[in-house]
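# Summary of the model geometry
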Amino acid sequence: MATYVTWIKGRYPSLANPTGYKETHYVFLDNGRLALSDNPISKEALKCIRCGSCANVCPVYGVVGGHVFGDIYTGPIGVVNTVLYGNEIKAKELLKMCIGCKACSSICPAGIDIQKLISDLNIGLSEKYKTTSIKNVLYSNVLGYPNTFKALMKMGSIAQKPLEKDNEHLVKKLRLSISADNRQLIFPIISTKTFSEMYKQLKPISQYNKKVFFYPGCAIEFFYPDIGLSLVKLLGKAEFRVDIPEKAVCCGLPAIHSGDAYNAKKIMLNNVQYINYDESYDSFIVLCPTCGSTIKEIFPTYLSSSINEFKKVSGIIPKIESLSMFLKRNNIKIITKNNIKITYHLPCHQNRVMGLSAEQLLQDVFGNNFIPMNESDACCGFGGSFSIDFPNVSNAILDNKIKNIIATQADIVLTDCPGCIMQISSGIVKKGLKIKVMHLSEFFEKNVDLEI
């Protein structure tokens, strides 16, 4: 829709010119492109063929659209071009509207990693204009320090008590909050006990010869510990021991998305310090594909100058798996216990970085009780703090997802991502629907048997 083709016929005959042809003049407009081609980051943008594919798949552009999204230039590559050729001040704000779903990167026929370009440019402009916020305080003083992080979340679990509200359809308790523009945001409550604390009380069986390492991430550690415990119990049925980090630290992606590269690196270094992983583990399991994609794609870049940490991460990366990937690779047979209709939401990073959807597995196991969802791989609109920073856009993206969920007439929506559970649960509660949203780990632990 946005491709331009120019046909150049060649020189025209001219009787007045001794050569027999009219003179032809070619004017090449550089507009700074040669200088940009020398920059290792910006030169990637020059590969763009103006096909418009990134605009077609971007969930944010699909809601906002037009030139509002990118000043003169439209779509995800338009945000990049606004930095390169337009107004930096406008670009600084527009870069924040990237939800990080990587749909643009996955579809680009020129092979441009547009989402990474946006992320890198966001970091550059944040450093240039010294952008600071309460988020930066969290990144520099909390997320990379497990004791501080845990203490802050403990205080939050106490402070939230007056705001708690039960919801029978989701089983979990939910905390309600109202945003500045009167849009209702719904969050899960902070668990009074962390996953790590509950894991120690569970006392998982340690005599199994086979073992896996599980990286819980922030959401499971503080909001959804039951998801992590379900994994420990589930893999226990398959005679796998599950080990976890010494202490829980954020993966660092929130800092990256906010343009805070300095604190992101500090968080990642602290992270690796507490991951007591070695090559004897069968797998490095993540139940949040965003954490998995961060370790796979971003850790190596930020830790390249820290040799020991880089070596450690290099050994981890080939073994990073989601639950469905692990079950498939180990040929673990799944036997259903009941007759529940389910559907599946495919998280952005599970699809585009981890590389395997659980849809086929669910189809094979549950047969006709699995109802495929239209656009199952479309973003749900969460994007971490994006749903708080841009609630109207986030809710509009979510509305499309909820429509597709309703159309399946399923009893339960399954997914691999705790963040997607937060977002989709929020939409279901607002619409008063009686549909459960569950992580694959928790659903499998309660509804299937495993056979090796």
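Because the structure is a prediction, the values reported are computed rather than measured. (Residues numbered from 1 in each chain as written. Predicted model: local features only at pLDDT ≥ 70, side-chain atom pairs only at ≥ 80, totals over all residues. Heavy atoms only, no water.)

### A short note on the overall build of the chain
- A tally of regular secondary structure across the chain gives 23 helices and 12 strands.
- By the compact-globule yardstick of 22 Å for 452 residues, the chain fits well, its C-alpha radius of gyration being 25 Å.
- Along the first, second and third principal axes, the C-alpha atoms of the chain reach 95 × 50 × 45 Å.
- Counting only residues that meet the buried cut, the chain has 51% of its 452 residues in that class.
- Put simply, of all contacts in the chain between residues at least 6 apart along the chain, 74% involve residues at least 24 apart.
- Summed over its atoms, the accessible surface of the chain is roughly 21,800 Å², and 54% of this surface lies on carbon and sulfur atoms. (Helix = DSSP H or I, 4+ residues; strand = E, 2+ residues; numbered from the N terminus. Rg over C-alpha atoms; globule rule 2.2 N^0.38 Å. Buried < 20%, exposed > 50% of the residue type's maximum accessible area, 1.4 Å probe, protein only. Contact = heavy atoms within 4.5 Å. Areas by Shrake-Rupley, 256 points an atom, 1.4 Å probe, with all protein chains shown as cover.)

### A look at the sheet that holds strand 11 (residues 436-439)
- Across the sheet, three strands lie side by side as 9-10-11; this open sheet has parallel pairing. Where the open sheet ends on each side, the last strands, each with one partner, are strand 9 (342-344) and strand 11. Looking at each pair of strands side by side, their axes are set apart by 30° on average, direction ignored.
- Strand contacts of helix 22 (residues 418-430): strand 10 (412-415) and strand 11, with the helix running at about 180° to strand 11, the strand carrying the most contacts. (Pairing = 2+ DSSP bridges. Axes fitted to C-alpha atoms, helices over the stretch in contact; angles between N-to-C directions.)

### Some points on the packing of helix 12 (residues 225-237) against helix 23 (residues 440-447)
- Helix 23 packs onto helix 12 with a crossing angle of 50° between their chain directions and a minimal axis gap of 8 Å. One way to sum up the angle between helix 12 and helix 23 is to call them oblique. As helix 12 packs across helix 23, the resulting crossing turns out to be left-handed. Between helix 12, through Asp226, Ile227, Ser230, Leu231, Lys233, Leu234 and Lys237, and helix 23, the contact on the second element is made entirely by Ser441, Glu442, Phe444, Glu445 and Lys446.
- Counted by class, the contact of helix 12 with helix 23 contains four nonpolar, two polar and six charged residues. (Parallel < 35°, antiparallel > 145°, perpendicular 65-115°, else oblique. Left-handed = near helix turned anticlockwise from the far one by under 90°. Nonpolar A, V, L, I, M, F, W, Y, C, P; charged D, E, K, R; others polar.)

### Observations regarding the sheet that holds strand 7 (residues 320-321)
- The strand order across the open sheet formed by four strands is 5-4-6-7, and the pairing between neighbours is parallel. Unpaired on one side and paired on the other, strand 5 (240-243) and strand 7 mark the two borders of the sheet.
- Here strand 4 (residues 210-215) pairs with strand 5 via four bridges, running parallel. Across the sheet, Val212 pairs through a bridge with Val242, a residue of strand 5.

### Considering the nonpolar core
- Core analysis: the largest hydrophobic core is formed by 56 residues, its most contacted members being Leu362 and Phe444.
- It is helix 12 that contributes the most residues to this core, six residues altogether.
- Every residue in contact with Phe444, bar those within four places of it in the chain, is listed here: Leu234, Leu323, Leu327, Ile334, Leu361, Leu362 and Phe366.
- Phe213, Ala261, Met268 and Leu303 belong to the second largest nonpolar core, which has 39 residues in total. (Core = buried A, V, L, I, M, F, W, Y, C linked by side-chain atoms within 4.5 Å.)

### A word on the pattern of salt bridges
- Per the stated rule, a full pass over the model turns up 12 salt bridges.
- Ionic pairing is found between Glu297 and Lys102, a salt bridge with its closest N-O pair at 3.3 Å. Remark: Lys102 occurs in the loop between helix 5 (88-94) and helix 6 (103-107) and Glu297 occurs in helix 15 (residues 289-302); sequence separation between them is 195 residues.
- The exposure class assigned to Glu297 is partly exposed, which follows from its relative accessible area of 39%.
- One salt bridge in this structure joins Asp243 and Arg241, with 2.7 Å as the shortest N-O distance.
- The exposure class assigned to Asp243 is buried, which follows from its relative accessible area of 13%.
- Sharing partners across several salt bridges, the network here consists of Lys92, Glu93 and Lys96. (Salt bridge = Lys/Arg side-chain N within 4 Å of Asp/Glu carboxyl O.)

### Notes on the confidence of the model for the chain
- Of the residues in the chain, 90% reach a pLDDT of 70 or more, and the chain-wide mean stands at 87.
- pLDDT under 50 marks residues 167-173. Its contacts with residues more than four places away, or in other chains, come to 20 contacts.
- Scored below 50 in pLDDT, residues 175-182 makes 21 contacts in the model with residues more than four places away or belonging to other chains. (pLDDT = per-residue confidence, 0-100.)

### A short note on the environment of Ala35
- As for its placement among the helices and strands, Ala35 is situated in helix 1 (residues 33-37).
- For Ala35, a relative accessible area of 55% puts it in the exposed group.
- When the C-alpha atoms of Ala35 and Lys312 are compared, they prove to be 37 Å apart, with 277 residues separating the residues in sequence.

### Focus on unusual backbone geometry
- Phi is positive for Glu239, close to 65°, though the residue is something other than glycine.
- Mapped onto the secondary structure, Glu239 falls in the loop between helix 12 and strand 5.
- Residue Glu239 is classed as partly exposed on the basis of its relative accessible area of 45%.
- With a phi close to 55°, Glu375 is a non-glycine residue in the positive phi region.
- Structurally, the position occupied by Glu375 is in the loop between helix 19 (359-366) and helix 20 (386-389).

### A look at a nonpolar patch on the surface
- On the surface, Ile134, Val137, Leu138, Leu152 and Met155 cluster together into a nonpolar patch covering about 450 Å² of accessible area.
- When residues of the nonpolar patch are traced back to their parent elements, those giving at least two are helix 8 (134-141) and helix 9 (146-159).
- Looking at the nonpolar patch, the element that brings in the most residues is helix 8, giving three residues.
- When you line up the elements, Ile134 lands in helix 8.
- Since its relative accessible area comes to 63%, Ile134 is described here as exposed. (Patch = residues over 30% accessible without salt bridge, like charges linked within 9 Å, V, L, I, M, F, W, Y side chains within 5 Å.)

### Section: the packing of aromatic side chains
- In this structure the tally under the stated criterion is 13 aromatic pairs.
- Between Phe195 and Tyr199, the aromatic rings sit 5.9 Å apart at their centres with planes inclined by 50°, giving tilted as the arrangement. With a gap of four residues between them, Phe195 and Tyr199 both fall in helix 10 (residues 195-202), about one helical turn apart.
- Here the guanidinium or amino end of Lys92 rests over the ring plane of Tyr129, the centre of that ring lying 5.9 Å away. (Phe/Tyr/Trp six-rings, centres within 6.5 Å; stacked < 30°, edge-to-face > 60°. Lys NZ or Arg CZ within 6 Å of the ring centre and 35° of its normal.)

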